[in-house]
Number of protein chains: 2
Amino acid sequence: MTTHIELTPTSAVDCSSAATVMMPAERAECLAEIFKALSDPTRVRLLAYISDSIDGTACACHLPDALGISQPTLSHHLKKLTDAGLVTRQQRGRWAHYTAAPSVLEVAREFLGASTEAAARCC
Amino acid sequence: MTTHIELTPTSAVDCSSAATVMMPAERAECLAEIFKALSDPTRVRLLAYISDSIDGTACACHLPDALGISQPTLSHHLKKLTDAGLVTRQQRGRWAHYTAAPSVLEVAREFLGASTEAAARCC
C-alpha cells in the first residue's frame, strides 16, 4: 500500500494567507489603460482643467495658453485621454471641445477605493 | 490721439469658460507617478491581490504562482509599486512581505473623485 503525504512547503509556513481570487486579466488590462492615460503630468493637469471648467467642458482654444504647450503637443495628449475614454470630443465650429467622462473616471476610482478599503482594514 | 481697442478673438466667442486654476505642476507630477506605477496590468493585479490578502499583506512566495510570472519579473513589478509608495515592503525571514499603503491610494482616488464629481455636475 502506498500512502500519499501532502507536503506544505516550509517557505510558506510563516506567510500571510494569500488572497482568494486574482483579478481577471481583461479587467486589469482595462484599468491599466486608464492609468496609462494618466501617467503623464500634462494629461493629469488637462483632465483636472477640463473637469473643473464650467459645464465640465473646455474648448481646445483655451488649453495651450493655460498649459504653456504647443497645439500639436496638446493634440497628442488630448488624443490619449480621448482614446482611453476619459474625455469625449465634440466639434463646435472651428474648435473642438472636450468633456470629462464620469463613468470611466469612476471605474478607476472604484478600483482604487476597493484597494484602499481592503488595505485600511489592517492599518 | 490714439484709441486702444481691446479685441476679443472671434474664435473664443462661443467657447465654454475656462477653469479658474491650473493644477500645480508638482502635484500633477506626483499623481502621474502613482498612475504610471499602475499603468501595467500585472501591477494592477498585484496591487489588488495584495490589498485583498488577509491582513492586507501578501508574501512574495505566493505571488509568482498566482500570476504565472517568474521571480525576476515579479521583483521588477513589486519595485515599481514600492517606489511609487503604493505598497511597503517588510522582510520576514526568507521572504519579503508586501502591504498596500492606503494613504497613497487615497491621493490618487481623491483626484479621480474630484474629477468625477466636477464632470458629473453637468452630465
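Please refer to the structure placed before this passage.
All of these numbers come straight from a predicted model, not from anything done at the bench. (Residues numbered from 1 in each chain as written. Chains lettered and ligands numbered in written order. Predicted model: local features only at pLDDT ≥ 70, side-chain atom pairs only at ≥ 80, totals over all residues. Heavy atoms only, no water.)

A few words on the sheet that holds strand 1 (residues 57-59) of chain B. All names here are of chain B. Spatial strand order, 1-3-2: three strands in an open sheet with antiparallel pairing. Looking along the sheet, the strands with just one partner apiece sit at the ends: strand 1 and strand 2 (87-92). For this sheet, the mean inter-axis angle between neighbouring strands, taken without regard to orientation, is 25°. Both strand 1 and strand 3 (residues 95-100) contribute to a ladder of three bridges, which runs antiparallel. (Pairing = 2+ DSSP bridges. Helix = DSSP H or I, 4+ residues; strand = E, 2+ residues; numbered from the N terminus. Axes fitted to C-alpha atoms, helices over the stretch in contact; angles between N-to-C directions.)

Quick look at the side chain of Arg43 of chain A now. Residue and element names in this part refer to chain A. Note that Arg43 resides in helix 2 (residues 41-52). Of the buried charged residues, Arg43 lacks a salt bridge, with Asp40 as the closest side chain of opposite charge at 4.3 Å. Residues contacting Arg43, with those up to four places away along its chain left out, are Lys36, Ala37, His76, His77, Lys80 and Leu81. (Buried < 20%, exposed > 50% of the residue type's maximum accessible area, 1.4 Å probe, protein only. Lys, Arg positive; Asp, Glu negative; His and termini not counted. Salt bridge = Lys/Arg side-chain N within 4 Å of Asp/Glu carboxyl O. Contact = heavy atoms within 4.5 Å.)

This part takes up the environment of Ile50 of chain B. All names here are of chain B. Counting through the fold element by element, Ile50 comes out in helix 2 (residues 41-52). Each C-alpha atom, one on Ile50 and one on Thr99, is 6.4 Å from the other, the two residues being 49 residues apart in sequence. With near-sequence residues (within four places) excluded, Ile50 lies in contact with Gly56, Thr57, Ala58, Leu78, Val87, Tyr98, Thr99 and Ala100.

Core analysis: the largest hydrophobic core is formed by 71 residues, its most contacted members being Phe35, Phe111 and Leu112 of chain A together with Phe35, Leu86, Phe111 and Leu112 of chain B. Ignoring any residue separated from it by four or fewer positions in sequence, one finds Leu112 of chain A in contact with Phe35 of chain A together with Phe35, Leu38, Leu105, Ala108, Arg109 and Leu112 of chain B. (Core = buried A, V, L, I, M, F, W, Y, C linked by side-chain atoms within 4.5 Å.)

Our focus in this paragraph is the sheet that holds strand 2 (residues 87-92) of chain A. Residue and element names in this part refer to chain A. Read from one edge of the open sheet, three strands run 1-3-2, paired in antiparallel fashion. The sheet is open, and its two edges are formed by strand 1 (57-59) and strand 2, each paired on a single side. Ignoring which end each strand starts from, the neighbouring axes of this sheet average 25° apart. Here strand 2 pairs with strand 3 (residues 95-100) via six bridges, running antiparallel. If you follow Gln90 over to strand 3, its bridge partner there is His97. Across the sheet, helix 2 touches strand 1, strand 2 and strand 3, and the angle it forms with strand 3 is around 90°. Lying on the sheet, helix 4 (residues 71-83) is in contact with strand 2 and strand 3; it crosses strand 2 at an angle near 125°.

With 13 residues, helix 1 (residues 25-37) of chain B extends 19 Å between its outermost C-alpha atoms, agreeing within 8% with the 18 Å of an ideal straight helix rising 1.5 Å per residue. Among all positions of helix 1 of chain B, only Ala28, Leu31, Ala32, Ile34, Phe35 and Ala37 of chain B are buried. (Expected span 1.5 Å × (residues − 1).)

What follows covers the packing of helix 1 (residues 25-37) of chain A against helix 2 of chain B. For the pair helix 1 of chain A and helix 2 of chain B, interaxial distance at closest approach is 8 Å and the crossing angle is 110°. Put simply, helix 1 of chain A runs roughly perpendicular to helix 2 of chain B. As for the relative orientation of helix 1 of chain A and helix 2 of chain B, their crossing is right-handed in sense. Judged by residue contacts, Ala25, Ala28, Glu29, Leu31, Ala32 and Phe35 of chain A of helix 1 of chain A engage Pro41, Val44 and Arg45 of chain B from helix 2 of chain B. When the residues that make up the contact of helix 1 of chain A with helix 2 of chain B are grouped by side-chain class, the tally is seven nonpolar, no polar and two charged. (Parallel < 35°, antiparallel > 145°, perpendicular 65-115°, else oblique. Left-handed = near helix turned anticlockwise from the far one by under 90°. Nonpolar A, V, L, I, M, F, W, Y, C, P; charged D, E, K, R; others polar.)

Residue and element names in this part refer to chain B. In total, this model carries four salt bridges over all chains according to the counting rule given. The shortest N-O distance in the salt bridge between Lys79 and Asp83 comes to 2.8 Å. Of this pair, Lys79 and Asp83 both sit in helix 4 (residues 71-83), four residues apart, roughly one helical turn. Side by side, Lys79 and Asp83 carry an identical accessibility label, which is exposed.

Here the focus is the pairing of strand 3 of chain A. All names here are of chain A. Of all the six residues making up strand 3, six are buried; the element is thus mostly covered by neighbouring parts of the structure. The two faces of strand 3 match: Trp95, His97 and Thr99 on one face and Ala96, Tyr98 and Ala100 on the other face are all buried. Counting the residues that bridge the hairpin from strand 2 to strand 3 gives two residues, and of these Gly93 lies at a positive phi of roughly 65°.

So, about the packing of helix 2 of chain A against helix 4 of chain A. Pairs of packed helices are described in terms of their axes, by the angle between the two and the distance that separates them. All names here are of chain A. Where helix 2 meets helix 4, the closest approach of the two axes is 10 Å, and the angle between their N-to-C directions is 75°. Relative to helix 4, the element helix 2 lies roughly perpendicular. Facing Thr42, Arg43, Leu46, Leu47 and Ile50 of helix 2, the residues of helix 4 in contact are Leu74, His76, His77, Leu78, Lys80 and Leu81. Of the residues contributing to the contact of helix 2 with helix 4, the split by class is six nonpolar, three polar and two charged.

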